[in-house]
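Commentary on secondary and tertiary structure
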Number of protein chains: 2
Amino acid sequence: MRRFVIVGQSASASADFLLQDLPGSSGRLDVLLRCIRPALMVSHGLRRDTEVYLVLGGGPLAPRILRFLSAGARYLRPDERSFAVTAQKALASASEASEFVDVRPGVAVAKCGLAELLARFPSATLHVLKEGATDLRTRPDFGREPLFVVGDHRGFDEATLTELEVRGALPIGLGPMSVQAEDAVALVVNELDRRAEALEVPNET
Amino acid sequence: MRRFVIVGQSASASADFLLQDLPGSSGRLDVLLRCIRPALMVSHGLRRDTEVYLVLGGGPLAPRILRFLSAGARYLRPDERSFAVTAQKALASASEASEFVDVRPGVAVAKCGLAELLARFPSATLHVLKEGATDLRTRPDFGREPLFVVGDHRGFDEATLTELEVRGALPIGLGPMSVQAEDAVALVVNELDRRAEALEVPNET
């Protein structure tokens, strides 16, 4: 299982944003939504065994988490607006449960934050994407249950960095340039695909 | 200079599409538009020396080409809708010129197709992204003026493949999985960044 956790410091935890002005009205939820596609989708279909978590830290309903699973997902379209529509419907759910509640196949919402989320995956090998850290290409491996934490356009706040450090998250870098979050996901996924092929364990559906 | 040429077999060459249903109404112009961001943008700003060409093969006005330059571009936002709005305004221009005509800073449109476009770059080293081809990581170099041709969700049609072959385009692969066009751009850009750093020629603004 591969997991991507995208942390949005100000991304709207409510459905209260405009589809026609996502960057301006959603606390930059657009950055997080754009990470779903490279994590879950290949050229013609969905990956297997991948989960994406969007940690929403913005607005009075925060923190909440949106979960997208490749297993069970149906009718996902690759365009940003479709993901935004799906997110808006999911966030309109009034669920206050700290467990994930499905709002449609493969899409769920929970009322919790990063610490509670990470506590669910005691066997995961945590990585945090960080500018200037050890290049992911040089890492010997990413563990059997790799989990990657990605910041938004502002990076991480201090509390998140502390949380990740306490949990022993391994910092990894992606090369000389600081790329946008969704490109970071595409680069990690490609490295994992290459490693999986080297082990002759294909990940494609 | 880095150039990316994204070929859309059916992508609308006219402004006649709906912003609220881009995949369904634009001949999948959305696939092409999503390639602009990873080519032109880094975490906080625009790259230098990068050009993106969207070759639009769909509808009665085809072929037309939309050009996005990192040099001179202003007020570009990273979200898909913003690129779609920009494209729609540019395509509403009635210009029939085969030369590029600026419609706003950094964005231009021309009435021509792939062959005429490639003929403008006699010094470019052409590459075509192709599933299963030689891994880009193993290529010794990409030339001083690398140009990458990327297909849409359907790949390339026969005429395009012939055109690229005649011009000696080098096929390159990106790993074991067939990724979506925009992820392909992100992977190529990262490889170029790494090579540029190895040569101590940073590409960031």
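Heads up: the structure comes first, above all this text.
Residues numbered from 1 in each chain as written. Chains lettered and ligands numbered in written order. Predicted model: local features only at pLDDT ≥ 70, side-chain atom pairs only at ≥ 80, totals over all residues. Heavy atoms only, no water.

**Topic: the sheet that holds strand E9 (residues 146-151) of chain A**
Residues and elements named next belong to chain A.
- Strands sit in the order E6-E7-E5-E4-E1-E9-E8-E10 across an open sheet of eight strands; the sheet is mixed. Across the chains shown, the open sheet's two edge strands, defined by having one partner strand only, are strand E6 (101-104) and strand E10 (170-172). Each strand axis lies, on average, 25 degrees off the axis of its neighbour in the sheet, ignoring direction.
- Where strand E1 (residues 2-12) and strand E4 (residues 50-58) come together, eight bridges link them in parallel fashion. When the sheet's bridge partners are listed, Ile-6 is paired in E4 with Leu-54.
- Relative to strand E5 (residues 64-69), helix H4 (residues 80-92) is tilted by about 130 degrees, and along the sheet it contacts E1, E4, E5, E6 and strand E7 (107-110).
- Here helix H7 (residues 181-198) sits on the sheet in contact with E1, strand E8 (125-129) and E9, set at roughly 175 degrees to E1. (Pairing = 2+ DSSP bridges. Helix = DSSP H or I, 4+ residues; strand = E, 2+ residues; numbered from the N terminus. Axes fitted to C-alpha atoms, helices over the stretch in contact; angles between N-to-C directions. Contact = heavy atoms within 4.5 Å.)

**Focus: the interface of chain A and chain B**
- Taken together, the contact pairs 41 residues of chain A with 40 residues of chain B.
- Counting each side, the surface lost to burial between chain A and chain B is near 3,600 Å², with a carbon and sulfur contribution of 47%.
- Of all residues in chain A, the largest losses of buried area upon contact with chain B belong to A:Arg137, A:Met177 and A:Arg194, amounting jointly to 19% of the total for that side.
- Applying the counting criterion to the chain A and chain B interface returns ten salt bridges.
- Measuring nitrogen to oxygen at the nearest pair gives 2.6 Å for the salt bridge that ties B:Glu191 to A:Arg137.
- At the surface where chain A touches chain B, the tally comes to 25 residue pairs in polar contact (both at pLDDT 80 or more).
- Of all the secondary structure elements, the ones that give two or more residues to the side of chain A that touches chain B are helix H3 (36-40), strand E2 (41-42), H4 and H7 of chain A.
- Classifying every residue of the side of chain A that touches chain B by side-chain character gives 13 nonpolar, nine polar and 19 charged. (Buried area = accessible area lost by both parts, 1.4 Å probe. Salt bridge = Lys/Arg side-chain N within 4 Å of Asp/Glu carboxyl O. Polar contact = N/O pair within 3.5 Å; in protein donor to acceptor, adjacent residues only side chain to side chain. Nonpolar A, V, L, I, M, F, W, Y, C, P; charged D, E, K, R; others polar.)

**What to know about the side chain of A:Arg28**
- Note on placement: A:Arg28 falls in the loop between helix H1 (22-25) and helix H2 (29-33).
- Within the structure, the side chain of A:Arg28 is placed 2.8 Å from the side chain of A:Asp30, a separation counted as a polar contact.
- Excluding residues that lie within four positions of it along the chain, A:Arg28 makes contacts with A:Pro23, A:Arg34, A:His153 and B:Pro78.

**Some thoughts on the environment of A:Leu118**
Residue and element names in this part refer to chain A.
- For Leu-118, the location among the structural elements is in helix H5 (residues 114-119).
- Linking Leu-118 and Glu-163, residues 45 residues apart in sequence, is a C-alpha distance of 9.5 Å.
- Leave out the neighbours within four places in its chain, and Leu-118 touches Leu-126, Leu-147, Leu-164 and Arg-167.

**Points about the pattern of salt bridges**
- Counted according to the given criterion, the structure contains 34 salt bridges over all chains.
- A salt bridge links B:Asp30 to B:Arg34; the nearest nitrogen and oxygen atoms lie 3.0 Å apart. In this pair, the class of B:Asp30 matches that of B:Arg34, namely buried.
- Salt-bridge contacts for B:Arg167 lead to B:Glu163; the nearest nitrogen and oxygen are separated by 2.6 Å.
- For B:Arg167, a relative accessible area of 36% corresponds to the partly exposed category.
- The network of salt bridges with shared partners includes A:Arg28, A:Asp30, A:Arg34, A:Glu80, A:Glu182, A:Asp183 and B:Arg37. (Buried < 20%, exposed > 50% of the residue type's maximum accessible area, 1.4 Å probe, protein only.)

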